[in-house]
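# Results of the structural survey
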Amino acid sequence: MSGRIVFFTGAGVSAESGIPTWRSGDDGVWKTEDPNRVCNINNYFKCHDEALAFYNQRQEIYSKCQPNAAHYAVAQLQREFPNDVYCITQNVDDLFERAGCVDVDHLHGSFDTMKCLNCGNEWDIEKTKIYTKSDYCPECKSNKVKPGIIMFGENAPKYTQLIDFCYNLNADDTVVVIGTSFDVIPYQWVAGKVKHGEPPFRILCNLEKNYSISTWVFDKVIYGKITEHIDEIVQIVKERKLKR
Ligand code: NAD
Ligand code: ZN
C-alpha cells in the first residue's frame, strides 16, 4: 500500500471553530480546569458532580461550533481519493464527521458512546444526551458509567494500532500533522522511524513552535493558523499524489 495521505490532528484543528485547545492560547481548558480532577478516571466519581458538569459543558460547546476549512478540506480529499485519506484525531469533538469525513479514528474516544466500568459494556448514545448521576449500564444496571472518552489514567486501546500503522508507512505516503503539542502522544509514534526504507513526506502545522517537538523529522513545518494554510497543504499532498 502506498500513496496514502494521513491526517493526524489535535485540538488545534478545531481551535478556529471555537473549541478551546487543552493547553495553548488564553482560553486553554487547563487554565480553568485541573485535568487531574475532572478528567482523571481515578477521581471521576470522587468529584462526580463537577465532572458531569464539565462534560455536559464540553458537549454544549461542541454542539454550537461548526467545522472549519481544515475539516472540510480533509472531507473533500477523502472524496477525491477514496480509501487513501486517513483521518486520525486525538479530538473528541465531531467536527470532522460534520464536515463529511468518513472513518474518523478517534484515538481518545468520542461523545457518541458511554462505557460501563463494571462490565465493560459500551453503548451508543444521542449526541444531545445530558450526563446525570442516574445514568446506568443497560447490560448490568451498574451506575459506574462514564462518557466514552478516554480519561487520564485509562488505557487507550487504539495506541498500539496507531504505532503499528505509522511504523509501516513508506516514502510514497504523506503525513499531515495539524494542531497538536504532542504532549499526550509522543511525536515519535507518528513521525518516528519506519519499518522499511525512507519515511513518508511529513508536514507539521501548529500555531507556534513547541520546543519538545523535533521539527527536523518534518519535511515542511508551518507555524500559523490552519485555516490560513490548509489550501497550501492540500496543494502539496495533491501534487505528491498525482506525481506518482
Ligand atoms: P494541545 O492543546 O496540547 O495543543 C494544541 C496545539 O494546537 C498547539 O501545538 C498549538 O500550537 C496548535 N494550535 C492552536 N491553534 C491552532 C490553529 N488555529 N491552527 C493550527 N494549530 C493550532 O492539544 P493536543 O496536542 O491535541 O493534546 C491534548 C489533548 O486534548 C488531546 O488528547 C485531545 O483529546 C484533547 N482535546 C480535545 C479537544 C477537542 O476535541 N476539540 C479540545 C481540547 C483538548
Ligand atoms: Zn455494565
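Everything quoted here is computed from the prediction, not taken from an experiment. (Residues numbered from 1 in each chain as written. Chains lettered and ligands numbered in written order. Predicted model: local features only at pLDDT ≥ 70, side-chain atom pairs only at ≥ 80, totals over all residues. Heavy atoms only, no water.)

### Re the sheet that holds strand β7 (residues 174-178)
Keep this limit in mind: One requirement defines pairing of two strands: DSSP has to find at least two bridges between them. Strands are runs of DSSP state E lasting at least two residues, helices are runs of H or I lasting at least four, and both sets are numbered from the N terminus onward. Two residues form a contact once any of their heavy atoms are found within 4.5 Å. To define axes, lines are fitted to C-alpha atoms, for helices over the stretch in contact only, and angles between the resulting N-to-C directions are given on a 0 to 180 degree scale.
With parallel pairing, the 6 strands of this open sheet are ordered in space as β3-β2-β1-β7-β8-β9. Because the sheet does not close on itself, it has two edges, and the strands there are β3 (105-106) and β9 (220-223). In the sheet, strand β1 (residues 5-9) pairs with strand β2 (residues 85-89) via 5 bridges, with the strands oriented parallel. Looking across to β2, one finds that T9 is bridged to T89. Against the sheet, helix α5 (residues 69-80) makes contact with β1 and β2, and its axis sits at roughly 150° relative to β2, the strand it touches most. On top of the sheet, helix α9 (residues 226-243) reaches β1, β7, β8 (201-206) and β9; it is set at about 175° to β8, its chief contact.

### Things to note about the coordination of the zinc ion (ligand 2)
Let me state the cut-off plainly: Coordination shells were defined by N, O and S atoms within 2.8 Å of each metal, extended to 3.2 Å for Na, K and Ca; water is absent from the atom set, which can make sites look incomplete. For four-coordinate sites, all angles between 85 and 135 degrees define a tetrahedron; for four- and six-coordinate sites, opposite donors beyond 155 degrees with the remaining angles between 65 and 115 define square planar and octahedral shapes respectively, and all other cases count as irregular. For the exposure calls, accessible area comes from a 1.4 Å probe over protein chains only, and a residue counts as buried if that area is under 20% of its type's maximum, exposed if over 50%, partly exposed in between.
At the metal site, the zinc ion (ligand 2) is ligated by C116 (SG), C119 (SG), C137 (SG) and C140 (SG), and these contacts range over 2.3 to 2.4 Å. One way to put it: the 4 donor atoms around the zinc ion (ligand 2) meet at angles of 103 to 114°, and that makes the site tetrahedral. Here C116 falls in the buried class, since its relative accessible area comes to 1%.

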